[in-house]
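Residues per chain, in single letters:
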Amino acid sequence: MKVEASFAAQGLMRTLGAELTDLGQGFCTVRVPIRPETGQQHGFAHAGLTFSVGDSAAGYSALSVMPADVEVLTSEMKIHLIRPAAGTWLRAEGKVIKPGRRLCVVSADVYAEGDGADRHVATLLGTMVPTAL
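Quick caveat, the model's predicted, so the values are computed rather than measured. (Residues numbered from 1 in each chain as written. Predicted model: local features only at pLDDT ≥ 70, side-chain atom pairs only at ≥ 80, totals over all residues. Heavy atoms only, no water.)

Looking at this structure, how should I read the nonpolar core?
Looking at soluble globular proteins, one finds that nonpolar side chains tend to be buried together. In terms of nonpolar packing, the biggest core is built from 34 residues, with Val 30, Leu 90, Val 106, Val 110 and Met 128 touching the most fellow members. Those elements that place two or more of their residues in this core are helix H1 (2-8), helix H2 (11-16), strand E2 (27-33), helix H3 (47-63), strand E3 (71-81), strand E4 (89-98), strand E5 (104-113) and strand E6 (119-131). The leading source of residues in this core is H3, at seven residues. (Core = buried A, V, L, I, M, F, W, Y, C linked by side-chain atoms within 4.5 Å. Buried < 20%, exposed > 50% of the residue type's maximum accessible area, 1.4 Å probe, protein only. Helix = DSSP H or I, 4+ residues; strand = E, 2+ residues; numbered from the N terminus.)

Given below as structure tokens:
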């Protein structure tokens, strides 16, 4: 419930039309439509969209392993853009690599969906900081 409530309160994901589609202990999947207003000049999803959905999936995977009174904030996140994100949806699959009380190492793989084949378009690796808000 905590993760779902937090996701529902996130204005950027709501603005982008993102959906929380899978959630478990240490993992989270978020999907977002690729729309003209979130694209770049060549018609692909903008790298900013790819980063945003990957960061959210990774962050919510971290939140899923935290105590009820703890939130997480991104400390650092890097992205490897593997290929252009062409399709109708982006799907980010976040997971916890190493949970911790002070730092939580996370990753996310982002896939472009459409035309019957999913294509791996980006990998993110980062650190979440548990915090009491």
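Can you walk me through the packing of aromatic side chains in this structure?
Each aromatic ring pair is specified by the distance between its two centres and by the angle formed by the two planes. Scanning all chains against the criterion turns up one aromatic pair. Their ring planes at 70° and their centres at 5.7 Å tell us that Phe 7 and Tyr 60 sit as a pair that is edge-to-face. With Phe 7 in helix H1 and Tyr 60 in helix H3, the pair connects residues that are 53 residues apart, well separated along the chain. Classification of Phe 7 as buried rests on a relative accessible area of 9%. (Phe/Tyr/Trp six-rings, centres within 6.5 Å; stacked < 30°, edge-to-face > 60°.)

Would you explain the pairing of E6 in this entry?
Side-chain direction in a regular strand flips from residue to residue, so the side chains alternate between the two faces of the sheet. As defined by bridge partners, E3 adjoins E6 across 10 bridges and the pair is classed as antiparallel. Each residue of the ladder has a partner; that of Ile 79, found in E6, is Leu 124. Strand direction decides the pairing type here: E5 and E6, joined by nine bridges, are antiparallel. Within E6, the position partnered with Ala 108 by the bridge is Leu 124. In this antiparallel pair of consecutive strands, E5 and E6, the connection spans five residues, and Gly 114 shows a positive phi of 145°. (Pairing = 2+ DSSP bridges.)

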